[in-house]
Amino acid sequence: MTAPVDPTTIPSWHRLADAAASLAPDLRQWFADDPDRARRLTFEAGDLHVDLSKNLLTDAIVRDLVELAREVDLEGRRDAMFAGERINVTEDRAVLHTALRRPRGLTPALMVGAQDVDADVHAVLDEVYAFAERVRSGEWVGVTGKRIETVVNIGIGGSDLGPVMVYEALAPYVQPGLRCRFISNIDPTDAAQKTADLDPETTLVIVASKTFTTLETLTNARLVRQWLLDTLAAQGAIDGSEEAAREAVAKHFVAVSTALDKVAAFGIDPANAFGFWDWVGGRYSVDSAIGTVLAIAVGPARFEELLAGFHTIDEHFRTTPLERNVPALMGLLNVFYVNHLDARTHAVLPYAQSLHRFAAYLQQLTMESNGKSVRWDGTPVTTATGEVFWGEPGTNGQHAFYQLIHQGTQLIPADFIAVATPAYPLRDGDTDVHELFLANFFAQTAALAFGKTEAEVRAEGTAEAIVPARVFAGNRPTTSIMAPALTPSVVGQLVALYEHITFTQGIVWGIDSFDQWGVELGKQ
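Residues numbered from 1 in each chain as written. Predicted model: local features only at pLDDT ≥ 70, side-chain atom pairs only at ≥ 80, totals over all residues. Heavy atoms only, no water.

Student: Help me get a handle on unusual backbone geometry, residues and values and all.
Tutor: That bond from Thr107 to Pro108 is cis: its omega, -5°, falls within 30 degrees of zero. Take Pro108: it is sitting in the loop between helix H5 (74-83) and strand S3 (111-112). The omega torsion of the bond from Gly394 to Thr395 falls at 5°, within 30 degrees of zero and hence cis. Within the secondary structure, Thr395 is located in the loop between strand S11 (388-390) and helix H16 (402-407). Not every positive phi belongs to a glycine, and Asp92 is a case in point at roughly 55°. Counting through the fold element by element, Asp92 comes out in the loop between H5 and S3. Given the relative accessible area of 47%, Asp92 is considered partly exposed. At Phe212, a residue that is not glycine, the phi angle is positive and equals roughly 55°. Checked against the element boundaries, Phe212 lands in the loop between strand S7 (203-208) and helix H9 (215-234). (Helix = DSSP H or I, 4+ residues; strand = E, 2+ residues; numbered from the N terminus. Buried < 20%, exposed > 50% of the residue type's maximum accessible area, 1.4 Å probe, protein only.)

Written out as structure tokens, the structure reads:
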């Protein structure tokens, strides 16, 4: 891989710096002077309707951001990733999470050397789907012959955050009579509380660890194994023999791992271990075998819809010109805020309660990827990198931290995410509650953009002494993302959108967004 381009040395960077230094944003006036602004700065990516018009953008800034992307060869780096080149240079690995969602039979097949990646991916998917159907149909039963009612996923990092987030997002699609629990923290409280009310006879445990050595995951797996065996024995479901214990573990534990020897040593039948590859980073793995718990919960057909949503945005990112390429534009805009307007955090505010774990998921995706101080050639970075991603669902956040976004002294770009059609269309008398919810979504982005002037505050009859406290400067940047409904496809599209935003930022900064040596240090 060639050396990264130092963005601080190229013409577009200097034009952006000059633009930021002289920027006097006035979104009110910009919209008044340019009735076409919202249309011109709104884009479609799959089912996502993405409005960038309330950002601190001018047409010149957009042109320079696109030019910046070309000067750092974003398109070339993107194509190298999709082709399976070893762009994860510190680990000498390809980066092929996008291959996990390539449709079956796509031509030409994706070959990396002599390896048919498409065939490998779909072989594992077929195994996962067959197992999921056995659980969902009741064919797979526990040691006492009872069908599975609860699936416990044990993992940490990408083996937990992605599955938890998608499970919560797709709760309306979960098969009746099935539920999932997730154990990640080595704090024994997590395992104790998650198993306290479970019946081991109807519980299936998935241990998700590629190497089957992760400290937290294996500790929790042993704790749950002991709980299962002790409780089954106490209930008289098994005797105390080693043979009965082996049979119980084989019936109630499966693995997502490639370390088949360690899986077998734990007591899991290697035939019930589903693997993935070193070109899948943990934070990019929810659509791999790590999603086995999801395939069981929502079914293979819905999981396929999730994968199709990922692929839709992959293709948008791969083929759309940069001027209309939504992940590229959003990533470039983040670079502008971090490097030229000194933004240090980024809020993600889903107006969809089912996405209440989305911000936590994005924290790993973005900060583990781009929290780097060394470029991919080993030289120090030449700019600030990364930002702190955080957030909560609206309207909860409105009653917690929006004060800081509206009137604080920090610039906090924010992404607002909503769906037009709710999973649960409830009414409060004559009021459509989802419409009330969306009214907050639209009102908040308008208030952040346009603020409230002294004259407007006085016109409301406000006492003069508190007029300054009730003035809102506005010009607080937001992006609005609207989807038709929170379907499996839309969830996949949202995740892929932020994967490629993260990639775009990393390329501009010249960093390897796919290693995580800071995490590895913490494991030692």
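Student: For the nonpolar core, give the residues involved together with the corresponding values.
Tutor: With 123 residues, the main nonpolar core has Trp279, Phe358 and Tyr498 as its most contacted residues. Among the elements that make up this core, the one with the highest residue count is helix H19 (residues 488-509) (twelve residues). When residues no more than four places from it in sequence are discounted, the contact partners of Tyr498 are Met330, Val348, Phe358, Leu362, Leu365, Asp415, Ile417 and Ile481. Counting 27 residues, the second largest nonpolar core, distinct from the first, contains Val205, Ala221, Leu228 and Ala273. (Core = buried A, V, L, I, M, F, W, Y, C linked by side-chain atoms within 4.5 Å. Contact = heavy atoms within 4.5 Å.)

Student: Describe the sheet that holds strand S10 (residues 345-351), with residues and values.
Tutor: With mixed pairing, the six strands of this open sheet are ordered in space as S1-S2-S15-S12-S10-S11. At either margin of the open sheet sits one strand with a lone partner, and together these are strand S1 (42-45) and S11. Neighbouring strand axes in the sheet, compared pairwise and without regard to direction, differ in orientation by 20° on average. In this sheet, strand S2 (residues 48-51) lies alongside S1 in antiparallel orientation, the contact comprising four bridges. Counted as the bridge partner of Glu44 is His49 from S2. Strand contacts of helix H14 (residues 326-340): S1, S2, S10, S11, strand S12 (414-421) and strand S15 (478-485), with the helix running at about 130° to S1, the strand carrying the most contacts. In the packing of H19 onto the sheet, the strands contacted are S1, S2, S10, S12 and S15, and the crossing angle to S15 comes to about 155°. (Pairing = 2+ DSSP bridges. Axes fitted to C-alpha atoms, helices over the stretch in contact; angles between N-to-C directions.)

Student: Please set out helix H7 (residues 161-169) residue by residue, giving values where relevant.
Tutor: The buried count for H7 comes to eight of nine residues, which makes it a mostly enclosed element. For H7, every residue scored as buried is listed here: Leu161, Gly162, Pro163, Val164, Met165, Val166, Tyr167 and Ala169. In this structure, the buried side of H7 is in contact with strand S6 (179-183), helix H12 (292-298), helix H13 (300-319), helix H15 (358-370) and H19.

Student: Requested: an account of the packing of aromatic side chains, with residues and values cited.
Tutor: Under the defined criterion, the tally for this structure stands at 21 aromatic pairs. Both rings, one in Phe336 and one in Tyr337, keep their centres 6.2 Å apart while their planes meet at 45°; by these two values the pair is tilted. Since its relative accessible area comes to 0%, Phe336 is described here as buried. The structure contains a cluster of three or more aromatic residues connected by ring pairs, namely Tyr351, Trp390, Phe401, Tyr402, Phe416, Phe437, Phe441 and Phe442. Between Arg37 and the ring centre of Phe31, over which it is positioned, the NZ or CZ distance is 5.5 Å. (Phe/Tyr/Trp six-rings, centres within 6.5 Å; stacked < 30°, edge-to-face > 60°. Lys NZ or Arg CZ within 6 Å of the ring centre and 35° of its normal.)

Student: Quick one: what's the story with a nonpolar patch on the surface, residue by residue and with numbers?
Tutor: Residues Tyr424, Leu426 and Val433 make up a contiguous nonpolar surface patch of about 320 Å² in total accessible area. As for its placement among the helices and strands, Leu426 is situated in the loop between S12 and strand S13 (427-428). (Patch = residues over 30% accessible without salt bridge, like charges linked within 9 Å, V, L, I, M, F, W, Y side chains within 5 Å. Areas by Shrake-Rupley, 256 points an atom, 1.4 Å probe, with all protein chains shown as cover. Salt bridge = Lys/Arg side-chain N within 4 Å of Asp/Glu carboxyl O.)

Student: Explain the side chain of Thr150 to me, and be specific about the residues and the numbers.
Tutor: Its location among the elements puts Thr150 in strand S5 (residues 150-154). Of the polar contacts made by the side chain of Thr150, one reaches the side chain of Arg179; its length is 2.8 Å. (Polar contact = N/O pair within 3.5 Å; in protein donor to acceptor, adjacent residues only side chain to side chain.)

Student: So what's going on with the pattern of salt bridges? Residues and values would help.
Tutor: Summed over the entire model, instances satisfying the criterion amount to 30 salt bridges. For Arg40, the salt bridge is made with Asp36, and the minimal N-O distance between the two is 4.0 Å. Arg40 sits in the partly exposed class, given a relative accessible area of 26%. Asp36 sits in the partly exposed class, given a relative accessible area of 29%.

Student: Please give an account of the environment of Gly391 that cites residues and values.
Tutor: Secondary-structure assignment places Gly391 in the loop between S11 and H16. Linking Gly391 and Val374, residues 17 residues apart in sequence, is a C-alpha distance of 27 Å. The contacts of Gly391, once residues within four sequence positions are left out, are Val348, Leu349, Ala359 and Phe401.

Student: Explain the sheet that holds S6 residue by residue, including any values.
Tutor: Read across the sheet, five strands follow the order S6-S5-S7-S8-S9 without closing on themselves; strand pairing throughout is parallel. For this open sheet the edge positions go to S6 and strand S9 (273-274), each flanked by a neighbour on one side alone. Pairing between strand S8 (residues 253-256) and S9: two bridges, direction parallel. Bridge pairing in S9 places Val256 opposite Phe274. Taken strand by strand, H9 contacts S5, S6, S7 and S8, and its axis lies near 160° from that of S7.

Student: Please give an account of the side chain of Asn272 that cites residues and values.
Tutor: Relative to the assigned elements, Asn272 resides in the loop between helix H11 (260-266) and S9. With relative accessibility at 11%, the residue Asn272 sits in the buried group. Setting aside anything within four residues of it in sequence, one finds Asn272 in contact with Trp140, Ala250, Val254 and Ala255.

Student: An account of the packing of H7 against H15 is requested, with residue identities and associated values reported.
Tutor: It is the contact of H7 with H15, at a shortest axis distance of 9 Å, that shows an interaxial angle of 155°. On the basis of their axis angle, the class for H7 and H15 is roughly antiparallel. For the pair H7 and H15, the sense of crossing is left-handed. Across the interface between the two elements, Leu161, Gly162 and Met165 from H7 touch Phe358, Ala360, Tyr361 and Gln364 from H15. (Parallel < 35°, antiparallel > 145°, perpendicular 65-115°, else oblique. Left-handed = near helix turned anticlockwise from the far one by under 90°.)

Student: Tell me about helix H1 (residues 11-22), residues and numbers included.
Tutor: Taking 1.5 Å of rise per residue, the twelve residues of H1 would be expected to cover 16 Å, and the 17 Å separating its terminal C-alpha atoms lies within 8% of that figure. All of the buried residues along H1 are Ser12, Trp13, Leu16 and Ala20. The buried residues of H1 all sit within an arc of 100° when viewed along its axis, so they share a single face. Facing away from the buried surface of H1 by more than 90 degrees, the exposed residues are Asp18, Ala21 and Ser22. Taken together, the buried residues of H1 touch helix H4 (59-71), H14 and H19. (Expected span 1.5 Å × (residues − 1). Arc of directions from axis to C-beta.)

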